[in-house]
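# Inside the fold
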Amino acid sequence: INYNLINLKKNLNLKCENNLKKMNFDFNQKFICLHVRDHKYKNDKKKKNYRNSDINNYIEGVKYLIKKGYKVIRIGEEPLNRFNFKNKNFFDYPNSEVKSPAMDLYLIKNCFYYIGTQSGTLDIAYMFNKPVLTTNMCEIFASLPRKKEDRGIFKKIMNKDNYPLKIKDFMKLPYKYHNPEIAIKDIKFIENTPLELLNAIKEFTQNLNNAKTPTKLQKNFKNYLNNRFEELFYDNKNKISLINHTDSLKMIRMVKSSKGYFCDSYLKKNFKWKKFINL
């Protein structure tokens, strides 16, 4: 018996099902929840805009999923940027009449898997133990892919001189650049391209359906990441350090318990792994 199983109350489950039936919802078709954080909801375009992304970069990925027989359901809170795509197998749920807090939970709980950016909704997917693909990541240690089937891809990083910064070089920066409580102002985060998102979605979907084992590249990057995190824990030279962070123990538990990986398609472009095989 799984005593940690979380579910909605029967009356809420029934209400959600009845509301979806009125829309001729096909309960036999697998569906995928998509959440892309944008600046309209929190009105934070001038605060931490690098946490936001453009959902229209996901169109090719959504088309791929629909061709594979899935329904894609956009989730989130209004107002949201317009998604310039229409299809009978794409449901713009936030702008529908069935939108409700209970339905938010119902859809995430019953989805085949979840695609999303780093935001609060991501935790709901983890709460229901759904497979998760995290896209447009901008925080490397604070929210890693958790379960063995989970995957992630990071945004492109540009330094203050507008020069590309490799992910391993970004990880080498002091902890203030990895502290989720601090706004980063001297580094730019460039969104994943439509092709990067499509490749990640393809890889993630294929891995789920075929239970592929992680590649050497993925394993070595994970080793490098864990080693760098350990270095940050013992680095107390700076005033802003991991060991002085209010949630340092929480972050340590999250990193140590993380069993997921970054997408192989992302690492092939952004991580030179041969030097780190023996880490």
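Residues numbered from 1 in each chain as written. Predicted model: local features only at pLDDT ≥ 70, side-chain atom pairs only at ≥ 80, totals over all residues. Heavy atoms only, no water.

### Remarks on the overall build of the chain
Our working definition: Comment: elements are numbered from the N terminus, with helices defined as DSSP H or I runs of at least four residues and strands as E runs of at least two. Radius of gyration: C-alpha atoms only; globule rule: 2.2 Å multiplied by the number of residues to the exponent 0.38. To sort residues, take the accessible area from a 1.4 Å probe on protein chains only and compare it with the maximum for the residue type: under 20% means buried, over 50% means exposed, and anything in between is partly exposed. Residue contacts are defined here by distance: any two heavy atoms, one from each residue, within 4.5 Å place the two residues in contact. The Shrake-Rupley method, run with a 1.4 Å probe sphere, supplies the accessible areas, and residue values consider only the shown protein chains as cover.
Tallying secondary structure elements over the chain gives 10 helices and 10 strands in all. For the chain, the C-alpha radius of gyration of 19 Å lies close to 19 Å, the compact-globule estimate for 279 residues. Dimensions of the chain, computed from C-alpha atoms along their principal axes, come out at roughly 60 × 40 × 35 Å. Within the chain, buried positions represent 50% of all 279 residues. In the chain, 65% of the contacts between residues at least 6 apart in sequence involve partners at least 24 apart. By element, 49% of the accessible surface of the chain is carried by carbon and sulfur atoms, the whole surface being about 15,400 Å².

### A look at the sheet that holds strand E9 (residues 188–190)
Condition: Paired strands are those between which DSSP finds at least two bridges.
What the three strands build is an open sheet, ordered E8-E7-E9; its pairing is antiparallel. Edge positions in the sheet fall to strand E8 (164–165) and E9, since each has one partner strand and no second. Across three bridges, the pairing between strand E7 (residues 156–158) and E9 is antiparallel. By the bridge assignment for E9, Ile157 is matched with Phe189.

### Observations regarding the packing of aromatic side chains
Under the convention used in this document: Side-chain rings of Phe, Tyr and Trp (the six-membered ring for Trp) are treated as a pair once their centres are within 6.5 Å; stacked means planes under 30 degrees apart, edge-to-face means over 60, and tilted covers the remaining angles.
Inspection of the entire model under this criterion finds 18 aromatic pairs. Here the aromatic rings of Tyr70 and Phe112 are separated by 5.6 Å at their centres, their planes lie at 15°, and the arrangement is stacked. Of this pair, Tyr70 sits in the loop between helix H3 (59–67) and strand E2 (71–74) while Phe112 sits in the loop between helix H4 (101–110) and strand E4 (113–116), placing them 42 residues apart in sequence. Note on Tyr70: relative accessible area 8%, which makes it buried.

### Focus on the sheet that holds strand E3 (residues 90–92)
Backbone hydrogen bonds hold the strands of a sheet together, and the pairing may be parallel or antiparallel. For clarity, the threshold we go by: With axes taken as lines fitted to C-alpha atoms, and helix axes fitted only over the stretch in contact, angles between N-to-C directions fall between 0 and 180 degrees.
Strand order in the open sheet formed by seven strands is E3-E2-E1-E4-E5-E6-E10, with parallel pairing between adjacent strands. This sheet does not close on itself; its edge strands, each paired only once, are E3 and strand E10 (261–262). In this fold H4 packs onto strand E1 (31–35), E2 and E4, with an angle of close to 125° to the strand it touches most, E1. Strands E4, strand E5 (132–137) and strand E6 (151–154) of the sheet are contacted by helix H7 (residues 194–210), whose axis makes an angle of about 165° with E5.

### Quick notes on the nonpolar core
General note: in soluble globular proteins, nonpolar side chains tend to be found buried as a group. Convention followed: The set of buried Ala, Val, Leu, Ile, Met, Phe, Trp, Tyr and Cys residues whose side-chain atoms join them within 4.5 Å is what this entry labels a nonpolar core.
Counting 56 residues, the largest nonpolar core has Phe154, Ile167 and Phe262 as its most contacted members. With six residues, the top contributor of residues to this core is helix H8 (residues 216–234). In this structure, Ile167 is in contact with Ile140, Phe154, Ile157, Phe221, Tyr266, Asn270 and Phe271, ignoring residues within four places of it in sequence.

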